[in-house]
Amino acid sequence: MIARFGVRIDAGQYAMRLPALVVSLLVIGVLVSATLAAQLRYRPTERGPWRPWSFTAIATARAARGATPAEVQAYEARLQELGAIVKRAPAVAEPIGFAAEIWGHLDGYAAPAPGQPAGRAVPLAGGLSFGAFPLIEYMRNGKLANEDLKGGETALLQFFVNRIGSDVFTGRRPTEWQADALEGFVEPEGGTSVAGLSRFDDVYVLKRHDRPLWLPVPLGDALAPAVAERRLAYETQRNAFAKQVAEFAEWQTPAKRAARRAGWTQAAATVPNGPELLANMEAADRQIEAANRERLAPGGPEDRAVRAVEEEYRAAERALATLSPAARDAASCYDKDAGSIDGRFKAKAAAPSPCRALVKPNWAYFDKTLPRSAPQVLMIGSFTRCLTAQSMAETGRGGCVINRALIDSLDWTAVRAWLSR
């Protein structure tokens, strides 16, 4: 199950790193949870409530998008219209065995990457979340308690409005790209449609316009961030190596040797086995010097590591520099399993199938004549997890069971009319 706020802890992953007391508390918590589970009772035939609508548009999100109060209010109203269509669906109109809730939010807008428009130049984006929370009751402090009106956790169904970036999809990006280097991603793969909605990776898409949602990334643009990332890695390692060499050279100066020996002599004078301590310190000092001399020598392991990183950078630099103007402008693709940089980034037209197209959001998709609050594309996320064999076997009144029923019973004609209005 996924908590409403998306926070969960994998205790198995972190238990080995926790102090013994904390681990003991976790064990106690598991035992208590097991006891509570034994006392917990589902109420699958009882009618549950529709929790009240809520909407979040934090100040930083409004500021990043340059959204006026009137625009935010209008956007919330459009989300509520979609919410009303959802609430009319037969599967959830009268919640039986679960508490239903819909809430909306306004997305923030990160600092624009190269080629990305400013936040105030694009429509408002955000989404609607639907949750079907199973009705349960349990004993708490000797009294019967439930979570009908608030609390609980469930698998959510997400409706994203006007969001077309990589964060909607699986978000796969070449590992050679830094987060803010380029607003691009590996093109989502198509799949079987649901309710007439096109599928891309694990997202279902309903568009207002026929324009494409994304455009090809030119090969030159795709390689440039890889060159920059490798140059940074090389310069960082080169500078760190140079600093170590300089520090070791200073460590060997007569002044530093004398200072170290003075410290050992002072320490040796305070203990009974002073001469032995002094001899051990001098021996250790010689061992440290020998080890560092070998490690930092020209052709040594540190120097070779720097040269290896430099060669990766030079290879990327050559791959970009040798492209013809036509090749720079050609649509690119990415093969994550290829060994060389020019094997990973290639022109899509001549590449084999493992090389997946690289694309970027098509901001020209949006009709600028429409209000910023107008929905122009709807994406359904977090639904394919409800199509797994494990989820299909669930029978409880909540989560994926209700999500599937909602998608099946939703008035998609009304949704399309809402989107086109």
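Computed from a prediction, not measured in an experiment: that's the story for all the values here.

Peer 1: Help me get a handle on the overall build of the protein chain, residues and values and all.
Peer 2: A count of helical and extended segments in the protein chain gives 14 helices and 16 strands. Taken over 421 residues, the protein chain has a buried fraction of 40%. When the accessible surface of the protein chain is summed, it comes to about 22600 Å², and 57% of that surface belongs to carbon and sulfur atoms.

Peer 1: Provide a residue-level description of the nonpolar core, including the pertinent values.
Peer 2: Core analysis: the biggest nonpolar cluster contains 44 residues, and Phe130, Phe159, Leu378, Ile380 and Leu410 have the highest contact counts within it. Broken down by element, this core gets its largest block of residues, 6 residues, from helix H4 (residues 69–88). When residues no more than four places from it in sequence are discounted, the contact partners of Leu378 are Leu82, Phe159, Phe160, Val161, Tyr204, Val205, Leu206, Val415, Trp418 and Leu419. Ranked by size, the runner-up nonpolar core spans 24 residues in total, among them Ala226, Phe241, Ala319 and Leu320.

Peer 1: Any chance you could break down the sheet that holds strand S9 (residues 190–194) for me, citing the residues and the numbers?
Peer 2: Reading across from one edge, S2-S3-S4-S7-S16-S11-S10-S9 is the order of the 8 strands in this open sheet, with mixed pairing throughout. In this open sheet, the two strands that pair with only one neighbour each are strand S2 (54–56) and S9. Ignoring which end each strand starts from, the neighbouring axes of this sheet average 25° apart. Pairing geometry for strand S10 (residues 197–200) and strand S11 (residues 203–207), over 3 bridges, is antiparallel. Its bridge partner being in S11, Arg199 is matched across the sheet by Tyr204. The sheet strands contacting helix H13 (residues 399–409) are strand S3 (98–106), strand S4 (126–134), strand S7 (157–161), S9 and strand S16 (377–381), and the helix crosses S4 at an angle near 125°.

Peer 1: Explain the sheet that holds strand S5 (residues 136–140) to me, and be specific about the residues and the numbers.
Peer 2: The antiparallel open sheet is built from 3 strands, whose spatial order is S1-S5-S6. Both outer strands of the open sheet, strand S1 (41–42) and strand S6 (143–146), are each paired with one neighbouring strand and no more. Two strands pair when backbone bridges link them, and S5 and S6 are joined in this way by 4 bridges, in the antiparallel orientation. Within the sheet, the bridge partner assigned to Met139 lies in S6 and is Leu144.

Peer 1: Could you give me a rundown of the pairing of S5, with the residues and numbers involved?
Peer 2: Two elements, S1 and S5, share 2 bridges in a ladder whose sense is antiparallel. In the sheet register, Arg41 faces S5, and the bridge partner there is Glu137. Hairpin geometry of S5 and S6 is characterised by an intervening segment of 2 residues between the two adjacent antiparallel strands and by a positive phi of about 55° at Asn141.

Peer 1: Just give me the short version of the layout of surface pockets, but keep the residues and values in it.
Peer 2: Put simply, the largest pocket is a space of about 480 Å³. Every residue lining the largest pocket is counted, 28 residues in all, and those nearest its centre are Ala110, Gln116, Gly165, Asp167 and Glu183. Here the lining of the largest pocket is built from residues that sort into 15 nonpolar, 6 polar and 7 charged.

Peer 1: Give a detailed account of the environment of Ala321, specifying residues and quantitative values.
Peer 2: By secondary structure assignment, the location of Ala321 is in helix H9 (residues 301–321). We classify Ala321 as exposed; its relative accessible area is 57%. Residues Ala321 and Ala224, 97 residues apart in the sequence, show an inter-C-alpha distance of 9.9 Å.

Peer 1: So what's going on with the confidence of the model for the protein chain? Which residues, and what values?
Peer 2: Model confidence for the protein chain is summarised by a mean pLDDT of 87, while 89% of its residues fall at 70 or above. Least confident of the elements in the protein chain is helix H1 (residues 11–14), whose mean pLDDT is 32; most confident is H4, at 98. Note on residues 1–38: pLDDT is under 50 here. Beyond four places in sequence and across chains, it has 22 contacts.

Analysis parameters
Residues numbered from 1 in each chain as written. Predicted model: local features only at pLDDT ≥ 70, side-chain atom pairs only at ≥ 80, totals over all residues. Heavy atoms only, no water. Helix = DSSP H or I, 4+ residues; strand = E, 2+ residues; numbered from the N terminus. Buried < 20%, exposed > 50% of the residue type's maximum accessible area, 1.4 Å probe, protein only. Areas by Shrake-Rupley, 256 points an atom, 1.4 Å probe, with all protein chains shown as cover. Core = buried A, V, L, I, M, F, W, Y, C linked by side-chain atoms within 4.5 Å. Contact = heavy atoms within 4.5 Å. Pairing = 2+ DSSP bridges. Axes fitted to C-alpha atoms, helices over the stretch in contact; angles between N-to-C directions. 1 Å grid on protein atoms, 1.4 Å probe; cavity = no way out; pocket = protein on both sides within 12 Å on 5 of 7 lines; lining within 4 Å. Points joined across faces, edges and corners; volume = space filled by probe spheres on them. Nonpolar A, V, L, I, M, F, W, Y, C, P; charged D, E, K, R; others polar. pLDDT = per-residue confidence, 0-100.

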